[in-house]
Amino acid sequence: EWIQRFGTSELWLRLPSAIFGALSVLVVYALGRSISSPRLGSWAAFMSAIDPIAIWYSQEARMYAMLTFFAVCGTLLMILMLKRRSILAWPLTVLSFSLAMYFDYNGLMYWVVSVVAMVMAVSWLKAWTLSRFTLWLSAEAAIAFLYIPQWPKAFNTISSLAQGNIYIFDLISAGLQRYDIQIDQQSAPVLLIVIGVVLGSIVLLF
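Quick look at the structure, then. (Residues numbered from 1 in each chain as written. Predicted model: local features only at pLDDT ≥ 70, side-chain atom pairs only at ≥ 80, totals over all residues. Heavy atoms only, no water.)

### Observations regarding the overall build of the chain
Line of reasoning, step 1. Check the secondary structure of the chain and you find eleven helices and zero strands.
Line of reasoning, step 2. Element order for the chain, N to C, with α for helix and β for strand: α-α-α-α-α-α-α-α-α-α-α.
Line of reasoning, step 3. Long-range contacts, defined as pairs at least 24 residues apart, comprise 65% of the intrachain contacts of the chain with a sequence gap of at least 6.
Line of reasoning, step 4. Looking at the chain as shown, the accessible area adds up to about 12700 Å², and 71% of this sits on carbon and sulfur atoms. (Helix = DSSP H or I, 4+ residues; strand = E, 2+ residues; numbered from the N terminus. Contact = heavy atoms within 4.5 Å. Areas by Shrake-Rupley, 256 points an atom, 1.4 Å probe, with all protein chains shown as cover.)

### Some words on the environment of L13
Line of reasoning, step 1. Along the chain, L13 turns up in helix α2 (residues 10-35).
Line of reasoning, step 2. Sequence separation of L13 and E60 is 47 residues, and the distance between their C-alpha atoms is 8.3 Å.

### Looking at helix α7 (residues 105-124)
The α-helix winds at 3.6 residues per turn, so residues separated by three or four positions along the chain end up facing the same way.
Line of reasoning, step 1. Its 20 residues give α7 an end-to-end C-alpha distance of 29 Å, which sits within 8% of 28 Å, the value for a rise of 1.5 Å per residue.
Line of reasoning, step 2. What α7 keeps buried is the set G107, L108, W111, V113, S114, A117, M118, A121 and V122.
Line of reasoning, step 3. Positive backbone phi, approximately 55°, marks K126, located one or two places after α7. (Expected span 1.5 Å × (residues − 1). Buried < 20%, exposed > 50% of the residue type's maximum accessible area, 1.4 Å probe, protein only.)

### A closer look at a nonpolar patch on the surface
Line of reasoning, step 1. A surface patch of nonpolar side chains, about 440 Å² in accessible area, is lined by W43, F46, M47 and I50.
Line of reasoning, step 2. Note that I50 resides in helix α3 (residues 38-50). (Patch = residues over 30% accessible without salt bridge, like charges linked within 9 Å, V, L, I, M, F, W, Y side chains within 5 Å. Salt bridge = Lys/Arg side-chain N within 4 Å of Asp/Glu carboxyl O.)

### Digging into helix α5 (residues 64-84)
Line of reasoning, step 1. Compared with the 30 Å implied by 1.5 Å per residue over 21 residues, the 30 Å span of α5 between its first and last C-alpha is a close match.
Line of reasoning, step 2. A large share of α5 lies buried, amounting to 17 of its 21 residues.
Line of reasoning, step 3. Once α5 finishes, R85 follows within two positions and takes phi at roughly 50°, a positive value.

### Some details on the environment of A18
Line of reasoning, step 1. Assignment of secondary structure puts A18 in helix α2.
Line of reasoning, step 2. Taking the C-alpha atoms as reference points, A18 and W56, separated by 38 residues in sequence, lie 9.7 Å from one another.

### Let's talk about the packing of aromatic side chains
Line of reasoning, step 1. Taken as a whole, this structure holds 13 aromatic pairs when the rule is applied.
Line of reasoning, step 2. Summarising the aromatic geometry, the rings of Y57 and Y64 are spaced 4.7 Å apart at their centres and angled 35° between planes, so their arrangement reads as tilted.
Line of reasoning, step 3. Judged by centre distance (6.4 Å) and plane angle (35°), the rings of F97 and Y110 are tilted. Separated by 13 residues along the polypeptide, F97 in helix α6 (residues 89-103) and Y110 in helix α7 bring together distant segments of the chain.
Line of reasoning, step 4. Cluster of aromatic residues (ring-pair linked, three or more members): F20, F69, F70 and F103. (Phe/Tyr/Trp six-rings, centres within 6.5 Å; stacked < 30°, edge-to-face > 60°.)

### A look at the packing of α2 against α3
Line of reasoning, step 1. Packing of α2 against α3 brings their axes to within 7 Å, and their N-to-C directions diverge by 150°. Taken together, the axis directions place α2 and α3 in an arrangement best described as roughly antiparallel. Helix-helix and strand crossings are classified by hand; for α2 and α3 the assignment is right-handed. On α3, the residues that touch V25, V28, Y29, G32, R33 and I35 of α2 are P38, L40, G41, S42, A44, A45, S48 and A49. (Axes fitted to C-alpha atoms, helices over the stretch in contact; angles between N-to-C directions. Parallel < 35°, antiparallel > 145°, perpendicular 65-115°, else oblique. Left-handed = near helix turned anticlockwise from the far one by under 90°.)

As C-alpha cells, then:
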C-alpha cells in the first residue's frame, strides 16, 4: 500500500523508519520520566538517540524501527496504567504491544521479557493490589488473545531455528564445550531465548 501510494524512491521507502525512530526517542524520554525523573528521561533519550543500532534501523526500509516504537510505547503505557490504575490506558497498552508483536517475532520476545520484568519490579516494590493485578493480568491476557492467529507461526519459526543448521549456533555449542558444557546445536536457540529473557528482564528492571 505504501509503495503503491508513494512509489519506490529511497526517500519514501526509508521515511517511515526515520519517523518512528525519532518518535522512539521521545517515548524513551517519557518512559524514563515516568519511572523516575526528567533527568533519567533525558539520559535515556540521549542514549537512545546515539545508539548505533537504533540509528541503523532508523535508516532501513524495514519494520524494526516501528517494532521498537510500539514496544516502548507499550511499556510506557503499561507503567502509566499500573501507576494511575487508568482504564483509558488499558486499550492503548494492548494495542501497542499487539502491533509490536505483529511487526516482527522479536516483539513477542520483548513482550515476554516485559511480563517477567513487570512482575519482578512490582513485586520488589511490594505494590501489588487486587485492582492493579486484575488490570495488569487482563491486559496481558488480551495481548495473548489478539496474538492467537500468529502463535502457530511463531512456534514454527522457533522450531525451524532449532532444527536448522545455523553457523552461530555451532559456534555457541563449540564455545561452551571449552568449559565442559555439553549442548547440541538444536538446543542452542532455546538457550539463547532463555538468556535473552533473563538479561532483558534484568535490564528492564533496573
